[in-house]
Amino acid sequence: MDIADIAEIFGLQAAETIPISNAILSTIYIIDERFVLRARTLEADTMARFETEQKLVSATRTLVPFVYPVLRDTKEGKNHFIEGDYLWT
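These lines cover the structure that appears in this document, whether it is placed above or below. (Residues numbered from 1 in each chain as written. Predicted model: local features only at pLDDT ≥ 70, side-chain atom pairs only at ≥ 80, totals over all residues. Heavy atoms only, no water.)

### A look at the overall build of the chain
- Secondary structure summary: the chain contains 2 helices and 5 strands in total.
- The helix and strand sequence of the chain, counted from the amino end, reads α-β-β-β-α-β-β.
- Rg of the C-alpha trace for the chain: 13 Å, near the compact-globule value of 12 Å for 89 residues, within the 12% margin.
- The principal-axis extent of the C-alpha atoms belonging to the chain is close to 35 × 30 × 30 Å.
- Counting across all 89 residues of the chain, residues that qualify as buried make up 24%.
- Taking contacts inside the chain between residues at least 6 apart in sequence as the whole, the part at least 24 apart equals 48%.
- Accessible surface for the chain amounts to roughly 6300 Å². Of this, 55% is attributable to carbon and sulfur atoms.
- In the chain, which carries 9 positive and 14 negative side-chain charges, the distance between the mean positions of the two groups comes to 8 Å. (Helix = DSSP H or I, 4+ residues; strand = E, 2+ residues; numbered from the N terminus. Rg over C-alpha atoms; globule rule 2.2 N^0.38 Å. Buried < 20%, exposed > 50% of the residue type's maximum accessible area, 1.4 Å probe, protein only. Contact = heavy atoms within 4.5 Å. Areas by Shrake-Rupley, 256 points an atom, 1.4 Å probe, with all protein chains shown as cover. Lys, Arg positive; Asp, Glu negative; His and termini not counted. Charge placed at Lys NZ, Arg CZ, Asp CG, Glu CD.)

Distances and angles like these do not, on their own, reveal function.
Structural data, given as structure tokens:
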């Protein structure tokens, strides 16, 4: 499965995908200069950390003076997609 296929799962028709080579924490692609696809290595605690992150973002969204990125749902209505050893958002 390539990046265009993963973008399609999130409902995106990717005309241009740009890999970000200096991303420190994860694999990141910019899709059509509008969207970000991020892959995290899937480990035993990845889902728990992801869920905790989402709870923290939700709880602090109104407390900080900047806008958090909004997760795009997959066509199945999930806020993530698992492919092989990666959790995609």
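After presenting the structure, the write-up continues.
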